Amino acid sequence: MDLFSYMSEQNKEKDSPLAARLRPTTLDEVVGQQHIIGKDKLLYRAIKADKLSSIIFYGPPGTGKTTLAKVIANTTSAEFTQLNATVAGKKDMEEVTAKAKDTLGMYNKKTILFIDEIHRFNKGQQDYLLPFVEDGTVILIGATTENPYFEVNGALISRSIIFELKPLSVDDIKELIRRAVYDEVKGMGSYDAVIDEDARNFLADMADGDARTALNAVELGILTTERSEDKKIHITLEVAQECIQKRVVKYDKTGDNHYDTISAFIKSMRGSDPDAAVFYLARMLNAGESVTFIARRMMICASEDVGNADPQALVVATAAAQAVERVGMPEAQIILSQAVAYIATAPKSNASVVAIEEAMRAVQETPNVTIPVHLQDAHYKGAYKLGHGEGYLYAHDYPGNYVKQQYLPYELNGREFYRPSGNGYEVKIREHMKKLRSQ
């Protein structure tokens, strides 16, 4: 590196955002993520021993994915190089892999390749990396906010260890804010600023686990707040509130939050908690989720989890699905809320689910059973001449519109697939079936 390049790097580091300047350089400086970098954990031991294999860091923004990669860069004896998938192309990868081959051949030194936003690489770009990862030319470190099992090549996944980073706790964020305000080397301590405890608590809470959000707010507050009479910059609660106007709802309609939220939505209706169900409904609507998608999931839940314990649940869900298509937002949210509350508070039964699952297994296990002759069609091309339909008893000719006869194939005689629960309307169904079967 020449003098001009060195000075450029120094100025870049000096002028970079606070969140970048405050990044740790050693494991002991890292805040949070103790579930993967605690001193007894695999990743901590691997970094300390400089014995890394290919890994993928997966988690929400601002949780430390790039930070951990930088820590590895500062501790490893391997060559470390970095690409950002949003701007890197095949030519960049060719240059990196060519240099990695030379480094390995001439110096017997491996290369760690850190790819930020790796989910941005298309399948072809990910496939290109595979042979170099497989033969050890490069050790891959990928960072992604998207579920790698959805967005990263399966072959790369199978050759990597996945580490999931969690949103930072409020206490973690508060510690980072303290460093940001008072650290004179990496933070903004030279500005002689102070932060009130209620302001720190507020920023830590509003950041919602994202360190970058909190640090950006601290930097903005210090740079834009006038000094007080005591010559200090005071970050008060009022200043903090101005620096973070609104809590960001983390919801990606194609990623994890989409699947996690719809899962919580369904499970809340299934668990008979209308408050939670309506909350997750609001979360999806606020993020712009498709109302038709939500309505489809409600119809499924009405059948799968309520079933015949309250047959009206499916009617309500279906009517809501039709209504929201005709009405549209914002009024559609009222219709959805009504239907969600109904489904959540309805008595529950999955007897119909169990019935079809067991019946499907029976079909697979006994594929060649014969339909009883008396149930077979007698009209198709003169099938009555073969005895089809002979002996069939017409239920409406008998008292109570019921007559006992063999309906299941004889090989399955006595099998019960639908067993009504003791909830809601299925109590009546169960009593009715018990009465019929006793005749």
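Scroll up to find the structure.
The present account deals with the structure reproduced in this document. Computed from a predicted model, the values in this text were never measured in an experiment.

Thoughts on a nonpolar patch on the surface
Together, Tyr 149, Phe 150 and Tyr 259 make up an exposed nonpolar region whose accessible area comes to about 380 Å². Judged by its relative accessible area of 42%, Tyr 259 falls in the partly exposed class.

Here we look at the side chain of Ser 268
Within the secondary structure, Ser 268 is located in helix H14 (residues 256–270). Looking at Ser 268, its side chain comes within polar contact range of the main-chain oxygen of Ala 264, at 2.7 Å. In this view, Ser 268 contacts Asp 273, Ala 276, Ala 277 and Tyr 280; residues no more than four positions away in its chain are not counted.

A short note on the sheet that holds strand E2 (residues 79–84)
Spatially, the five strands line up as an open sheet ordered E2-E3-E4-E1-E5, and their pairing is parallel. Every other strand in the sheet has two partners, leaving E2 and strand E5 (161–164) as the edge strands with one partner each. The sheet shows a mean angle of 15° between the axes of neighbouring strands, direction not considered.

So, helix H6 (residues 90–107)
Because each turn of an α-helix spans 3.6 residues, side chains separated by three or four positions end up pointing in the same direction. When the terminal C-alpha atoms of H6 are compared, their 25 Å separation across 18 residues agrees well with the 26 Å that a helix rising 1.5 Å per residue should span. Residues Met 93, Val 96, Thr 97, Ala 100 and Thr 103 constitute the buried set of H6. Projected down its long axis, H6 carries its buried residues within an arc of 120°, all on one side. Residues Lys 91, Lys 99, Gly 105 and Met 106 are exposed on H6 and point more than 90 degrees away from its buried face. Each element contacted by the buried residues of H6 is listed here: E2, strand E3 (111–116), helix H7 (123–134) and strand E4 (138–144). Positive backbone phi, approximately 50°, marks Asn 108, located one or two places after H6.

Points about the packing of aromatic side chains
Within the structure shown, the criterion is met by four aromatic pairs. A centroid spacing of 6.3 Å and a plane angle of 45° characterise the contact between Phe 57 and Phe 163, whose relative ring orientation is tilted. Taken together, the positions of Phe 57 in strand E1 (residues 55–58) and Phe 163 in strand E5 put the pair 106 residues apart, joining distant regions of the chain. Note on accessibility: Phe 57 and Phe 163 belong to one class, buried.

Observations regarding the pattern of salt bridges
Counted under the stated rule, the structure contains 13 salt bridges. The partner of Glu 197 in a salt bridge is Lys 174, and the shortest N-O contact between them spans 3.7 Å. With Glu 197 in helix H11 (residues 197–206) and Lys 174 in helix H10 (residues 170–182), this residue pair connects regions lying 23 residues apart in the sequence. Residue classification places Glu 197 among the partly exposed residues on the basis of a relative accessible area of 41%.

Rules used throughout
- Residues numbered from 1 in each chain as written.
- Predicted model: local features only at pLDDT ≥ 70, side-chain atom pairs only at ≥ 80, totals over all residues.
- Heavy atoms only, no water.
- Patch = residues over 30% accessible without salt bridge, like charges linked within 9 Å, V, L, I, M, F, W, Y side chains within 5 Å.
- Areas by Shrake-Rupley, 256 points an atom, 1.4 Å probe, with all protein chains shown as cover.
- Salt bridge = Lys/Arg side-chain N within 4 Å of Asp/Glu carboxyl O.
- Buried < 20%, exposed > 50% of the residue type's maximum accessible area, 1.4 Å probe, protein only.
- Helix = DSSP H or I, 4+ residues; strand = E, 2+ residues; numbered from the N terminus.
- Polar contact = N/O pair within 3.5 Å; in protein donor to acceptor, adjacent residues only side chain to side chain.
- Contact = heavy atoms within 4.5 Å.
- Pairing = 2+ DSSP bridges.
- Axes fitted to C-alpha atoms, helices over the stretch in contact; angles between N-to-C directions.
- Expected span 1.5 Å × (residues − 1).
- Arc of directions from axis to C-beta.
- Phe/Tyr/Trp six-rings, centres within 6.5 Å; stacked < 30°, edge-to-face > 60°.

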